[in-house]
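Spelled out from the first residue to the last, the chains are:
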Amino acid sequence: MQRATTIAQIRTYVAEARAAGKSVGFVPTMGALHVGHVSLIEAAVRRCDYVVVSIFVNPTQFCPGEDFERYPRPFERDVELCERHGAHAIFAPSPVEMYPRKSLTWVTVEKLTEPLCGRSRPGHFRGVTTVCTKLFNIVGADVAFFGQKDAQQATVIRRMAADLNMPLEIVVCPTVREPDGLAVSSRNQYLSPQERQEAPVIYRALRRCAEMLDSGRRNAAEIARAMNEILSQVPSLQVEYVSIVDAETLEPVDQVRGRILVAVAGRLGSTRLIDNIVVDIRATEGIMAPR
Ligand code: PAF
């Protein structure tokens, strides 16, 4: 596996792959890789001839007071995981390589970045869209792979790529869950043993939603109420939102119809957890989305 820390190096590697007629896949990450990332790398390896994984804890997407400093950085373990799962190159730039000067140029997606996580993380999505644009420009992949767990991020990136005619396809892969339903996340390692036991309550609330939809209930307020009741079984969970929104526009709906995103965010101690399901009321199989 090739390792690049500079933009020039990764461009050379990708140019060589292209010259050999290979298609290029890209998995952007902030490291601390887990089975969710592995599923993205494997999807990329199945689809593309040459796969680049970036490992970069992007400072511009952390808000003041967030966990930028303490974000886990198990670099050698990450490299080993990329290699084991078939990645062809990693791109692990330094902050100075990515941001050599104070940036005067930002990429902002309007509207979609305002609700849900946008409310409590001002500037977060601007950091994500800007770094993804830079990474897309640097790597020059045909396809980039994102996880459904970060549903709003995936929607925002898809829209950005379409609005700006970016010459790459965005593929969104299913959320990977622990056996008890907790969505895997690099931040789960912050949870204390007690919090780890409590965290699957979010999945149970999403399942309750799926069950209600399965039994024909369509009223969003009623479903959100039932979900909140389940979430209240863990008093230490500070619920940030339970939102039932159109999967494309992220606007709230009164009645569940078409493709809908049901998203939850909350804090257990110092750990912020998010999870979601996407349901499609026209395709009944889609309703039981969490597994
Ligand atoms: O999802 C993430 O890990 C990050 O937001 C991303 C896409 C790598 C950009 O820094």
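Preceding block: the structure.
Residues numbered from 1 in each chain as written. Predicted model: local features only at pLDDT ≥ 70, side-chain atom pairs only at ≥ 80, totals over all residues. Heavy atoms only, no water.

Draft legend 1. Broad picture of the packing of helix α9 (residues 201–214) against helix α10 (residues 220–231). For the pair α9 and α10, interaxial distance at closest approach is 9 Å and the crossing angle is 150°. Looking at the two axes, α9 sits roughly antiparallel to α10. When the axes of α9 and α10 are compared, the crossing they make is right-handed. Here α9 contributes Val201, Ile202, Arg204, Ala205, Leu206, Arg208, Cys209, Met212 and Leu213 to the contact with α10, which in turn contributes Glu222, Ile223, Ala226, Met227, Ile230 and Leu231. (Axes fitted to C-alpha atoms, helices over the stretch in contact; angles between N-to-C directions. Helix = DSSP H or I, 4+ residues; strand = E, 2+ residues; numbered from the N terminus. Parallel < 35°, antiparallel > 145°, perpendicular 65-115°, else oblique. Left-handed = near helix turned anticlockwise from the far one by under 90°. Contact = heavy atoms within 4.5 Å.)

Draft legend 2. Structural detail: the sheet that holds strand β2 (residues 24–29). Across the sheet, six strands lie side by side as β1-β4-β3-β2-β5-β6; this open sheet has parallel pairing. At either end of the open sheet lies a strand with only one pairing partner, and these are β1 (2–4) and β6 (169–173). In this sheet, neighbouring strand axes are inclined to one another by 25° on average, regardless of whether the strands run parallel or antiparallel. With six bridges connecting them, β2 and strand β3 (residues 50–55) associate as parallel partners. Looking across to β3, one finds that Val27 is bridged to Val53. Against the sheet, helix α1 (residues 7–19) engages β1, β2, β3 and β4 (89–91), with an angle of about 145° to β1. In the packing of helix α6 (residues 124–139) onto the sheet, contacts are made with β2, β3, β4, β5 (143–147) and β6, and the angle to β2 comes to roughly 150°. (Pairing = 2+ DSSP bridges.)

Draft legend 3. Expanded view of the site of the ligand. Contacts to the ligand come from Pro28, Thr29, Met30, Asn58, Gln61, Val128, Val131, Cys132, Phe146 and Gln153. Gln61 is positioned such that a nitrogen or oxygen atom in its side chain is 2.6 Å from an oxygen atom of the ligand. In the model, an oxygen atom of the ligand is placed 2.7 Å from a nitrogen or oxygen of the Gln153 side chain. In isolation the ligand offers 290 Å² of accessible surface; the protein chains occlude 89% of this area. (Near = heavy atom within 4 Å. Polar contact = N/O pair within 3.5 Å; in protein donor to acceptor, adjacent residues only side chain to side chain. Areas by Shrake-Rupley, 256 points an atom, 1.4 Å probe, with all protein chains shown as cover.)

Draft legend 4. The environment of Ala8, seen in detail. Residue position: Ala8 is located in helix α1. Judged by relative accessible area, which is 52%, Ala8 ranks as exposed. Taking the C-alpha atoms as reference points, Ala8 and Ile138, 130 residues apart in sequence, are found 8.7 Å from one another. (Buried < 20%, exposed > 50% of the residue type's maximum accessible area, 1.4 Å probe, protein only.)

Draft legend 5. Main features of the side chain of Thr129. Relative to the assigned elements, Thr129 resides in helix α6. Thr129 gets classed as buried once you look at its relative accessible area, which sits at 1%. A polar contact of 3.3 Å, which involves the side chain of Thr129, links it to the backbone oxygen of Arg126.

Draft legend 6. Structural view of unusual backbone geometry. For Leu116, which is not glycine, the phi dihedral falls at a positive 50°. Assignment of secondary structure puts Leu116 in the loop between α4 (95–98) and α5 (117–120). Leu116 gets classed as buried once you look at its relative accessible area, which sits at 5%. Non-glycine residue Leu250 carries a positive phi angle of around 60°. Here Leu250 falls in the buried class, since its relative accessible area comes to 2%.

That is the geometry; function is a separate question.
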